[in-house]
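# Remarks on the overall topology
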Amino acid sequence: MEDSQPLHLCHVHKPFLIIHRSHTILHSIAIAFLIHYRASFFFHNEIGTGGVPTLPWLLVFVSELLLSFIWLLDQALRWRPISRTVFTERLPEDDKLPSIDVFIFTADPDSEPTLLVMNTVLSAMALDYPPNKLHVYLSDDGGSPVTLNGMREAWRFAKYWIPFCRKFRIQKRCPEVYFSKSADDDGDFSSSEFLEEKEKLKEKYQEFKEHVKRFKGTLADTSGSTSRDHPSVIEVIQENLNEEVKLEGRAILPLLVYVSREKRSSHPHHFKAGAINVLLRVSGVISNSPYILSLDCDMYCNDPTSARQAMCFHLDPNISSSLAFVQFPQRFHNVSRHDIYDRNLRSTFSLVWHGLDGLGGPVLSGTGFYLKRKSLYGNFVQEEADPMELKKVFGPSNEFIKSLHQYNQPNAITCSRDSSNTLLEDAKFLASSTYGNQTKWGQEVGFLHYSVAEDYLTGFILHCKGWTSVYHRSSIPQFLGSAVTNLNDLLTQVTRSSSGLLEVGISKFCPFIYGPSKMNFLLRMCYGNLSFFSLYFLPLWCLATIPQLCLVKGISLYPEVTSSSFIIFLVIFTSSIAKHLYEVFTTGGSFHTWIYEQRIWMIRSISSNAYGCLDAFMKRIGMREASFLLTNKVEDDERSKLYEKGIYDFRTSTMFLLPMAALIILNLMSFFGGILGVIFVGNLDKMFVQVFISLYILVINYPIIEGMVIREDKGSIPLSITLWSATFVLVFLSIIGIPFFF
């Protein structure tokens, strides 16, 4: 590799940068005028004596201040967006590439179908990377015999699938995708040999699917173990432990290992962070690769060259020494053209993560990242380190302590049966539920246990220690997962993430106060924004209720249309909408995309974000223990049809539906009450902004109105929810002195 041939190039998005910074300056000026307008209320008695109560004015002012603060933090995410180009053809020869351990995580075969998980495993085994330098580990937190059997069946099928992919340079290396009717990945191959092998392989894949499904149907586990209480099970999935498995005298399969850590109800297991740390330890004594690819069980490898793309950064001598991980975007194969639930995550992975990359690197995002193993070991691993001191940090395993200084060790698991059994016993010890006790695991080494947002927190600490990261997004998605396609799963997922992120923000790890830190100030702002973003629910709840209640009582909280102060609010509103539209259009979205994003932002903010924040505060004061709810990966045909048509499925928890329905009913009442006031009193000039706010909320959220009063399908909002919401609103209006007929 010549010095004149870089492995990657970095490009700054100058046009967007100029537009964004100009908008930030102009919008900030408008916000300053707004603050002056609101604050002047408290210094000019004529406003106070004009019939405007102090409390609603103060609540709206505080909401606008909080919105402005979150907006200001958000600007750092867009301050210096960059993109990158890689040159995989300039990498060293295969024999000089470092080895990679692939970690895949599953927990429940009922929520995460075994066939889906095995397709992810097979796609990882088939990566375009030297097979003897690829080791695939599946963490099964449920300890299910169904998953273990699926691994054995996947190994048998891989003996045919992987050579086929390499021989014919197949690009779609997830078998389910390749053999689907929509797949067209045969390239220029049309020979009789290719067609014959493909047909035979398709038959073997059907057999593989039947074997996996049949075992699930005849499972009878009499061991007494449960998903929450079971011993550790570790199995190297291969046929011969005495020699490398070879196919046709030349093809070698990657190492495949099943790991189910011990779980006992009497010991905390720390959710996904605990599972990652177990795989770090187990893989450390088996393959001990210097780099790790982490994948969710539904996130299959769509581009087989992703490992080589990551190595273009990890092997770059200019950044390698400080580079902790390479993050790829989360993209999904089942997003409909409507994308009513914003599952393309357009803003996050098409815009925001590029901005983070320009400031020091993106946040660790849960899946689809290639991470340097030693970055998780802190500063404890030094050449002169005392082994006894290391045991206090990493635990009592001698084999693991030896592995700390020995990357790329020979694959001892395949050397002999005796050494294999010894390593497996040690690996089971490393996977025990008590191994991490009295050590630094989860506190200073490995993934941190403090929050269910273990990826965010661990990435934050890595950046604080001076590590960097990079983000790479290409036209071909490196990984594709299964997006949630119904409102219930989405709001459950957002509640969990909101709770975990805010839990970090209100802890000692708060991005604004945690130190010492080697992060720049703008990157701290970015982490702060992500941590406190869910607090949007406070101003949104306020602005969806206070102006409306004042509207029906004839109290004006905004300047008259003819007033010069009205221009302030007009500029702020149009500026925000125009900027959002600009970002949507420049990242491939449409006007409908903008509407869907506005709508789902409002729905999430007033429901799941609110509950997530409440959950975080309750955990903080000890009123609630941490929990982790799996997202259901099982497809529901009825719900999928609604999603494909762009129709919202409101079959979700009452706690999510009640605030949505109540706010819509309140805004309906205030809007029509405001119109009546305008007709009879003639105060449109005075009340225009408040009437417009109600109208805007109703128009954007029309599908909720439709779900309450028009739709009659199973996905509509139940009549009982509508009645309960209406009753609550009427009682509330009566309590604060607003009669039913205003």
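See the structure shown above.
Please read all numbers here as calculations on a predicted model, not as lab measurements. (Residues numbered from 1 in each chain as written. Predicted model: local features only at pLDDT ≥ 70, side-chain atom pairs only at ≥ 80, totals over all residues. Heavy atoms only, no water.)

## What to know about the sheet that holds strand β15 (residues 479-481)
So the rule is basically this: Strands are labelled as partners when DSSP assigns at least two bridges between them. Strands here mean DSSP runs of E at least two residues long; helices mean DSSP runs of H or I at least four residues long; both are numbered from the N terminus.
The strand order β10-β15-β12 describes an open sheet built from three strands, whose pairing is mixed. Two strands lie at the open edges of the sheet, namely β10 (300-301) and β12 (331-332), each paired on one side alone. Pairing analysis gives two bridges linking β10 to β15, with the strands arranged antiparallel. Bridged to C301 within β15 is F479.

## Here we look at helix α23 (residues 654-681)
So the rule is basically this: By this rule, a helix spans an expected 1.5 Å times one less than how many residues it contains.
If you check α23, its first and last C-alpha atoms are 39 Å apart, about what 28 residues at 1.5 Å a residue would give, namely 40 Å. Positive phi appears at G682, one or two residues downstream of α23, with a value of about 75°.

## Remarks on the pairing of strand β13 (residues 369-372)
Our working rule: Exposed residues in this analysis have more than 50% of their type's maximum accessible area, buried residues have under 20%, and partly exposed residues fall in between, with area computed by a 1.4 Å probe over protein chains only.
What you see with β13 is no split at all: F369 and L371 on one side and Y370 and K372 on the other are buried throughout. By the bridge criterion, four bridges tie strand β9 (residues 291-296) to β13 in an arrangement that is antiparallel. Among the inter-strand pairings, Y291 is bridged to a residue of β13, identified as K372. The pairing of strand β11 (residues 323-327) with β13 spans three bridges and is antiparallel. Following the sheet pairing, Q327 is matched in β13 by F369.

## Some details on the pattern of salt bridges
Oppositely charged side chains can pair when the atoms bearing their charge come close. Short version of the rule: The working definition used for a salt bridge is a side-chain nitrogen of Lys or Arg within 4 Å of a carboxyl oxygen of Asp or Glu.
By the definition in use, this model includes 29 salt bridges. Across the salt bridge formed by E196 and K200, the nearest N and O atoms sit 3.4 Å from each other. Residue E196 and its partner K200 are both found in helix α7 (residues 192-217); the two are separated by four residues, about one turn of the helix. The exposure class assigned to E196 is partly exposed, which follows from its relative accessible area of 46%. Judged by relative accessible area, K200 falls into the partly exposed class, the value being 48%. A salt bridge links K272 to D296; the shortest N-O distance between them is 2.8 Å. Taken as a pair, K272 in helix α8 (residues 271-286) and D296 in strand β9 lie far apart in primary sequence, 24 residues in all. Salt bridges here are not isolated pairs; linked through shared partners, they connect D74, R78, K579 and E583.

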